[in-house]
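One-letter residues, chain by chain:
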Amino acid sequence: MRLSTRAFACLFSGFAFGALATTLTLTSAIPASAALEERVGVLEVYDVFLEPQFRYFETRNGGFEAGNSLISFRWLRDESVSAVVTAGTDQLVGRPRRYRGGSEAGLALAEAYVETRSSLGDVRFGRVPLPFGTESGRGEARLRLPRAMVHRAGYLGLRDQGLSYAIENRGFSSEWAVHNGEGGPDLDNQIWFTSRWGWQGGDGLSLGFSGSAGRTTPLSTQDAALSRSEAVAGLDPDRSSKQRFGNAFVEWDARPLGVVLEGTFGESEQAGSIRRLRSGHLDLFYALSRRWGLLARYDVLDPDGRVRGDRQDEATLGVSLGGAYGTSTVYVLGTRAHLQGAARARHEAMLIWRLTPLARGPR
């Protein structure tokens, strides 16, 4: 039997109407809480930070970079439980140089953790910030200058997969992290431990010390695709190693003057041989007015005490111009960098614009 087009349309319309009526009847009999998923908590843009940069080196070389730019989202279930996801440039992770190169390029998942808060402390689980010194485990908006050479040279990581705990009481703080150490995929099954202890008193004075220790194996330091030397990796990539780092710092921030003094030392032990690293920097900040400021830094890095001629030092001077609400700051910096034994120093100019919609932004 063949149906005409009109008959088929009428039959289909009747079927659709019946199905719709049945669906509405069943839906009305089901409680609303069961028919729809309930949205719990608040999803918000937790942080936005942009840091475009322009660098100019001697001999007319220069380029633009995205700096520490990031965007962070937070799901807040209640006052006790939340989750944070932060995406940004790959330098936010600070993958240590001793490990083989990762696949991240340009954009990276810098943080992704769940957090619980209570009177007994705060616990984070996932990709977490690492508490070390004055420039790791704190928001990038708190930085007034580029990170010190020991971080830029890749001896210390900034974020990693692991578990962290922090507690503060009457000015004393203690932060701990157990993590992979690699800032990326776990290839060697070694666990690292990083911690920071501090005290904050009146008049902007704070002091503390940090420590980090772990092991490496050739599973994570060797690279079959690219041969790596000791100079590139910071250790012999074909041997296992023990790594230890210590740090002490003093901060004093009382307008119009601010001072940061920080020293870092490290040991890399391989086959009975020990390579010792030493690093330190002194930062000075002076507020000329509510918007104008002066900055200065002297930074020293000696990667291996056994090697002559590898000591590096940098002297930086700069000026900053902040916005009326503290959400926008422009920095102009000039740096003189010198490598021990080199015939002449290298000079660099840098323009940085730090922008955030949050009033707690950079100064």
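Relevant structure appears above.
Computed from a predicted structure; not experimentally measured.

Colleague: How do you make sense of the nonpolar core when you look at a structure like this?
Modeller: Across soluble globular proteins, nonpolar side chains show a tendency to be buried alongside one another. Formed by Tyr99, Phe132, Met149, Val150, Tyr155, Leu156, Trp192, Phe245, Leu277 and Leu301, the largest nonpolar core amounts to 10 residues. Among all residues touching tyrosine 155, those that are not within four sequence positions of it are Arg97, Arg98, Val150, Phe245, Leu277, Leu301 and Pro303.

Colleague: Got a minute to help me understand unusual backbone geometry in this structure?
Modeller: Leaving glycine out, the prevailing phi sign among residues is negative, and the prevailing peptide bond configuration is trans. Here the residue pair arginine 255 and proline 256 is connected by a cis peptide bond, since its omega of 10 degrees sits within 30 degrees of zero. Checked against the element boundaries, proline 256 lands in the loop between strand E12 (241-254) and strand E13 (257-270). Backbone geometry at alanine 271 places phi at a positive 50 degrees, although glycine is not the residue there. With respect to the helices, strands and loops of the structure, alanine 271 is situated in the loop between E13 and strand E14 (273-287).

Colleague: What is the right way to read a nonpolar patch on the surface from this model?
Modeller: Judged by side-chain polarity, Phe172, Trp199, Leu207, Val250, Leu261, Leu282 and Leu284 come together as a nonpolar surface patch covering roughly 600 Å² of accessible area. Mapped onto the fold, leucine 207 is located in strand E11 (residues 205-216). According to the relative accessible area criterion, leucine 207 is partly exposed, its value standing at 38%.

Colleague: What is the right way to read the pattern of salt bridges from this model?
Modeller: It is possible for side chains of opposite charge to pair when their charged atoms get near one another. Within the structure shown, the criterion is met by 26 salt bridges. In this structure, arginine 275 and glutamate 230 form a salt bridge, with 2.7 Å as the shortest nitrogen-oxygen distance. Residue arginine 275 is found in strand E14, and its partner glutamate 230 is found in helix H5 (residues 230-233); the two are separated by 45 residues along the sequence. With its nearest N and O atoms 3.2 Å apart, the salt bridge here joins aspartate 304 to arginine 306. Note on aspartate 304: relative accessible area 6%, which makes it buried.

Thresholds, definitions, all that
- Along each chain, the written sequence defines residue order, and numbers are assigned to residues from 1.
- A pLDDT threshold of at least 70 governs which residues receive local features in this predicted model, and a stricter bar of 80 or more applies before side-chain atom pairs are shown or counted, although totals over entire chains, interfaces and linings include all residues.
- Excluded from the side-chain calculation are hydrogens and water; included are all heavy atoms of the structure.
- For the purposes of this section, nonpolar cores are sets of buried Ala, Val, Leu, Ile, Met, Phe, Trp, Tyr and Cys residues that join through side-chain atoms within 4.5 Å.
- Relative accessibility under 20% of the residue-type maximum defines a buried residue, over 50% an exposed one, and the middle range a partly exposed one, all with a 1.4 Å probe and only protein chains included.
- Working rule for contacts: check all heavy atoms of both residues, and any pair within 4.5 Å makes them a contact.
- Secondary structure elements follow DSSP: runs of H or I no shorter than four residues count as helices, runs of E no shorter than two count as strands, and numbering proceeds from the N terminus.
- The patch calculation keeps residues exceeding 30% relative accessible area without a salt bridge and links them within 9 Å when they carry like charges or within 5 Å when they are nonpolar (Val, Leu, Ile, Met, Phe, Trp, Tyr).
- The Shrake-Rupley method, run with a 1.4 Å probe, gives the accessible areas here. Residue values count only the displayed protein chains as cover.
- The salt bridge definition used is simple: a Lys or Arg side-chain nitrogen within 4 Å of an Asp or Glu carboxyl oxygen.

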